[in-house]
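Residues per chain are reported as follows:
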Amino acid sequence: MNPSFSLCVYCGSRPGAEPRFIEVARQVGRWIGEHGGQLVYGGGNNGTMGALADAALAAGARVVGVIPQSMVQREWAKRDCTELHVVDNMHQRKSMMAERADAFLALPGGIGTFEEFFEVWTWRVLDFHRKPVGLLDLDGYYQGLLQFLQHSVRRGFMNDWQIDMLTVGSDPDALLAKLAQAADPRPADVSRI
Ligand code: AMP
């Protein structure tokens, strides 16, 4: 059966300092499976990434992992993904993840999560795709970032409409429902990127 939507999730290769980060990653994975969706993610077994993928698989989701060869060992590539793609480099990883997704969601994470989130958001701003880009501000994790973005608007380097292109929420299920509803299955125009 074809999945009802394909959600690309960016999150931590580390578990975070509180058990809640792992719990919510599992909640997101479960939600995708229970709603007949597909998870696209970085293909690792560590941190919140591994917890997310395990929960999605256990809930019956298709799970597509995309990992560069150089990171197969470092991130413990998840061999039991429905599809595991071992690619040559980070750029291939990110474009394949974008091509296979109808919507994007960043959970709390670190530098890799930030990079992926900003990239897919800037691609949205540049109209390379029209897929929703979500940010889970779990327990205020992203408050500092959101305040900084407003600061950038005030200082004249960004516009409100760019921030308005994000779907920000603190409740995982409500945010997932919004993203699944707005999911756009048309391919991203990665040839222009
Ligand atoms: P982190 O949020 O730093 O724990 O990393 C989460 C994921 O982002 C991991 O799978 C990293 O391999 C990945 N990552 C880190 N840097 C990049 C990058 N420049 N491009 C794509 N993925 C990255």
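Scroll up a little and you will see the structure.
This section reports on the structure supplied with the text. Here the structure is a predicted model, which means the values were calculated and not measured.

**Considerations on the packing of aromatic side chains**
Then comes step 1: This model, assessed by the stated rule, comprises eight aromatic pairs.
Then comes step 2: Clustering of aromatic rings is evident, with ring pairs tying together Phe 21, Phe 114, Tyr 141 and Tyr 142.

**Thoughts on the site of the ligand**
Then comes step 1: In the neighbourhood of the ligand, 16 residues make up the surrounding shell, with Ser 13, Glu 75, Gly 110, Gly 112 and Thr 113 lying closest.
Then comes step 2: One of the backbone N or O atoms of Gly 112 is found 2.9 Å from an oxygen atom in the ligand.
Then comes step 3: The fraction of the free accessible surface of the ligand (490 Å²) that becomes covered by protein chains is 84%.
Then comes step 4: Here the ligand is seated within the largest pocket.
Then comes step 5: Among the secondary structure elements, those contributing two or more residues to the shell around the ligand are helix H3 (90–99) and helix H4 (111–125).
Then comes step 6: Counting residues per element, the shell around the ligand draws most heavily on H4, at five residues.
Then comes step 7: Its residues assigned to classes, the shell around the ligand comprises five nonpolar, six polar and five charged.

**Section: unusual backbone geometry**
Then comes step 1: Residues other than glycine seldom take positive phi values, yet Trp 76 does so here, at roughly 55°.
Then comes step 2: Among the secondary structure elements, Trp 76 is positioned in the loop between strand S3 (62–68) and strand S4 (83–87).
Then comes step 3: Owing to a relative accessible area of 59%, Trp 76 belongs among the exposed residues under this scheme.
Then comes step 4: Of note in this structure, Asp 127 is not a glycine but carries a positive phi near 65°.
Then comes step 5: By the secondary structure assignment, Asp 127 is in the loop between H4 and strand S6 (133–136).
Then comes step 6: Look at Asp 127 and you get partly exposed, because its relative accessible area is 33%.

**Some thoughts on the layout of surface pockets**
Empty pockets left among the atoms are what a rolling probe the size of a water molecule brings to light.
Then comes step 1: Space inside the largest pocket adds up to approximately 630 Å³.
Then comes step 2: Forming the walls of the largest pocket are 30 residues, and the residues nearest its centre are Gly 12, Ser 13, Gly 110, Gly 112 and Thr 113.
Then comes step 3: Elements represented by at least two residues in the lining of the largest pocket include exactly strand S1 (6–10), helix H2 (47–58), H3 and H4.
Then comes step 4: When the residues that make up the lining of the largest pocket are grouped by side-chain class, the tally is 13 nonpolar, 10 polar and seven charged.

**Comments concerning empty space enclosed by the protein**
Then comes step 1: One pass over the structure, following the stated rule, counts one cavity of 30 Å³ or more.
Then comes step 2: Empty space within the largest cavity amounts to approximately 40 Å³.
Then comes step 3: In terms of lining residues, the largest cavity is bounded by Cys 11, Phe 21, Val 24, Ala 25, Thr 48, Leu 107, Pro 108 and Leu 138.
Then comes step 4: Among the elements that take part in the lining of the largest cavity, helix H1 (residues 19–34) stands out by supplying three residues, more than any other.
Then comes step 5: Split into classes, the residues belonging to the lining of the largest cavity amount to seven nonpolar, one polar and no charged.

**Things to note about the packing of H1 against helix H7 (residues 172–182)**
Then comes step 1: Interaxial distance between H1 and H7 falls to 10 Å at its minimum, and their mutual angle equals 40°. With respect to H7, the axis of H1 lies oblique. Judged by the sense of rotation from one axis to the other, the crossing of H1 with H7 is right-handed. Of the residues in H7, those in contact with Val 24, Gln 27, Val 28 and Trp 31 of H1 are Pro 172, Asp 173, Leu 176, Ala 177 and Ala 180.

**Focus on helix H5 (residues 143–154)**
Then comes step 1: Along its 12 residues, H5 runs 17 Å from first to last C-alpha, staying within 8% of the 16 Å computed at 1.5 Å per residue.
Then comes step 2: In this fold, the buried residues of H5 make contact with H4, S6, helix H6 (160–164) and strand S7 (166–169).
Then comes step 3: Just past H5, the residue Gly 156 takes up positive phi, approximately 85°.

Cut-offs applied
- Residues numbered from 1 in each chain as written.
- Predicted model: local features only at pLDDT ≥ 70, side-chain atom pairs only at ≥ 80, totals over all residues.
- Heavy atoms only, no water.
- Phe/Tyr/Trp six-rings, centres within 6.5 Å; stacked < 30°, edge-to-face > 60°.
- Near = heavy atom within 4 Å.
- Polar contact = N/O pair within 3.5 Å; in protein donor to acceptor, adjacent residues only side chain to side chain.
- Areas by Shrake-Rupley, 256 points an atom, 1.4 Å probe, with all protein chains shown as cover.
- 1 Å grid on protein atoms, 1.4 Å probe; cavity = no way out; pocket = protein on both sides within 12 Å on 5 of 7 lines; lining within 4 Å.
- Sits in = over half its atoms within 2 Å of the grid points.
- Helix = DSSP H or I, 4+ residues; strand = E, 2+ residues; numbered from the N terminus.
- Nonpolar A, V, L, I, M, F, W, Y, C, P; charged D, E, K, R; others polar.
- Buried < 20%, exposed > 50% of the residue type's maximum accessible area, 1.4 Å probe, protein only.
- Points joined across faces, edges and corners; volume = space filled by probe spheres on them.
- Axes fitted to C-alpha atoms, helices over the stretch in contact; angles between N-to-C directions.
- Parallel < 35°, antiparallel > 145°, perpendicular 65-115°, else oblique.
- Left-handed = near helix turned anticlockwise from the far one by under 90°.
- Contact = heavy atoms within 4.5 Å.
- Expected span 1.5 Å × (residues − 1).

Purely spatial values, then, with no claim about function.
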